[in-house]
Amino acid sequence: MQPRTQFAEVPGTGTGVAYQVLNGTGPDLVYSGGSFNHVDVFWEDPAMTHFLRRLNGFSRVIVFDRRGAGASDHLGREGVPTLDDWMADLQAVRRALDLERFALMASIDACAAAIRFAAEQPSSVSHLVLLNATARMLRAEGYPQGLEAEACRAIASAMGDSWGTEEAAAAFYPERAQDEAFLRWYAKYQRAVLRRSEAPAVIAAALAVDVRDQLASVHAPTLVLHRDGYIVPQEQAQYLHEHLPHSRLVHLPGSGTLIGASDVDDVADHVEQFLTGDSAGSVERVLATVLFTDIVSSTELVSAVGDLAWRNRQAEHDEVNRQHVERFGGRVVATTGDGVLGVFSSPAKAVRCAAALRSRHGAAGLAIRAGIHAGEVELQDGGGISGLTVHLAARVMAAAGPQEVWLSNTVVDLVTGSGLSFSDQGERHLKGVPAARRLFRLEG
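For the structure given in this document, a descriptive report is provided here. All values derive from a computational prediction rather than experimental measurement.

Structural notes on the pattern of salt bridges
Here the idea is simple: oppositely charged side chains can pair when their charged atoms come close.
Link 1 in the chain: Within this structure, the stated rule accounts for 22 salt bridges.
Link 2 in the chain: Among the ionic pairs, E272 bridges to R54, the shortest N-O distance being 3.3 Å. Taken together, the positions of E272 in helix α9 (residues 264-276) and R54 in helix α1 (residues 46-56) put the pair 218 residues apart, joining distant regions of the chain.
Link 3 in the chain: Assessed through its relative accessible area of 17%, R54 is described here as buried.
Link 4 in the chain: Put simply, R116 and D84 hold a salt bridge, and the shortest N to O gap is 2.5 Å. Here D84 lies in helix α2 (residues 83-97) and R116 lies in helix α3 (residues 110-120), a separation of 32 residues in the sequence.
Link 5 in the chain: Using a relative accessible area of 18% as the deciding quantity, one classes R116 as buried.
Link 6 in the chain: In this structure D84 comes out as partly exposed when scored by relative accessible area, which is 46%.
Link 7 in the chain: The structure contains a network of salt bridges with shared partners spanning R54, D265, D269 and E272.

In structure tokens:
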């Protein structure tokens, strides 16, 4: 089903940016097609729908339309959106979802803004994926890869004059020029994305972009995907690859982007391999119950007892956690400094372990909180685990108070008949999780 379309307000503008969240597993992946995106209408295209579902298999996908295009509000002023506008739109979505660090994927004219964002916000972007990108279309001194100004004007004029027609659709996707149903739909898509009167100026602005001076400042690993039949010459993709410090260039067949393409699985495979290190289908997933614990007010405790005493106490705390997790049939995945991440095959044993840890640490004068959730996790090399289940368990723990063990309704359902007692805490909105979740507190 198509996700719900929401709006993030850009401060000081009174305009909203349309975005959708696909609640997959794995890291956050933000995608924008720039001026040629429509978060509602592209769900009518089987190729784009399949591509987003593929991405959603290894990431939590966030898609958005920049202001002035697609489902987002118009600018509220004259002129073509700037890179500053695009970055403000991304920041608005980021604030709405409380995103901290995420992978950023862009296509066509959104690529320039994504490059600039990654250069100016290096701590925020874990990976950068660029499809059909260029640092500059126009030729310039020291940049023979660029096109002559007259050629760029001709491209803008031709695309603008035919915008929203079957002729424009055939120009974008010559490999589907005989597919009349697709051409009619893509013409409709163009009309939904941009008004016909707006298209020439937007296209001209996209062709005039120049972010060459930003490339050296992009420190995120970057995947450059380039369709060799697209209007951006291959030499410009090669220039990007050579001037982005940590980039990989992959050439793809065809001339379009993602909508209507026949090779979206191939594109998704490249993105998955790049973001996760795994090719499609190679990630092993198992059902598990995940437990997180945390010492309440640990910073205040460090200040009260001093660094040396705290290190000794922390070492004892970690050993107690290890012993209890193993005694209840679980495995310690990681210690977090103030707590433990454990994984269990039995939900009831995970709950009983949390209760035992609460008692043991409480008797030693340490108040802890614990959170438990069950679901599929991805097994990583080295014994680690990842996925939405891990993320949710951490958020459930964050909702608990001192000396409390909180659980998701999934865990409560699984331990029915175990003799454990819970009190319903109602639906809660957890940080980074769009849908509210019903949580319970362990009693007794």
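Let's pick the thread back up.
As for the side chain of R54
Link 1 in the chain: Within the structure, R54 has its side chain in polar contact with the side chain of D265 (distance 2.8 Å).
Link 2 in the chain: Within the structure, the side chain of R54 is placed 2.8 Å from the side chain of D269, a separation counted as a polar contact.

Focus: unusual backbone geometry
Link 1 in the chain: For D98, which is not a glycine, the phi torsion comes out positive at approximately 55°.
Link 2 in the chain: Relative to the assigned elements, D98 resides in the loop between α2 and β5 (102-107).

A word on the packing of aromatic side chains
Link 1 in the chain: Applying the stated criterion across every chain, the model contains 10 aromatic pairs.
Link 2 in the chain: With a centroid separation of 5.8 Å and 55° between ring planes, the pair formed by F64 and W86 is classed as tilted. Here W86 lies in helix α2 and F64 lies in strand β4 (residues 60-64), a separation of 22 residues in the sequence.
Link 3 in the chain: An angle of 20° between the planes, with centres 5.7 Å apart, marks the rings of Y186 and Y189 as stacked.

Considerations on the sheet that holds strand β2 (residues 15-22)
Link 1 in the chain: Reading across from one edge, β1-β2-β4-β3-β5-β6-β7-β8 is the order of the 8 strands in this open sheet, with mixed pairing throughout. Edge strands, defined here as strands with exactly one partner in the open sheet, are β1 (6-10) and β8 (247-252). Averaged over all pairs of adjacent strands, the angle between strand axes in this sheet comes to 20°, irrespective of strand direction.
Link 2 in the chain: Two elements, β2 and β4, share 4 bridges in a ladder whose sense is antiparallel. By the bridge assignment for β4, L22 is matched with V61.
Link 3 in the chain: Sheet contacts for α1: β2, β3 (28-32), β4 and β5; angle to β4, the most-contacted strand, approximately 140°.
Link 4 in the chain: The sheet contacts of α9 involve β3, β5, β6 (125-131), β7 (222-227) and β8, and relative to β7 the element is tilted by about 165°.

What about the pairing of strand β16 (residues 437-443)?
Link 1 in the chain: The pairing of strand β14 (residues 404-408) with β16 spans 3 bridges and is classified as antiparallel. Each residue of the ladder has a partner; that of S408, found in β16, is L439.
Link 2 in the chain: By the bridge criterion, 6 bridges tie strand β15 (residues 421-428) to β16 in an arrangement that is antiparallel. By the bridge assignment, F422 is partnered in β16 with L442.

Criteria and thresholds
Residues numbered from 1 in each chain as written. Predicted model: local features only at pLDDT ≥ 70, side-chain atom pairs only at ≥ 80, totals over all residues. Heavy atoms only, no water. Salt bridge = Lys/Arg side-chain N within 4 Å of Asp/Glu carboxyl O. Helix = DSSP H or I, 4+ residues; strand = E, 2+ residues; numbered from the N terminus. Buried < 20%, exposed > 50% of the residue type's maximum accessible area, 1.4 Å probe, protein only. Polar contact = N/O pair within 3.5 Å; in protein donor to acceptor, adjacent residues only side chain to side chain. Phe/Tyr/Trp six-rings, centres within 6.5 Å; stacked < 30°, edge-to-face > 60°. Pairing = 2+ DSSP bridges. Axes fitted to C-alpha atoms, helices over the stretch in contact; angles between N-to-C directions. Contact = heavy atoms within 4.5 Å.

This is a description of form; function is not addressed.
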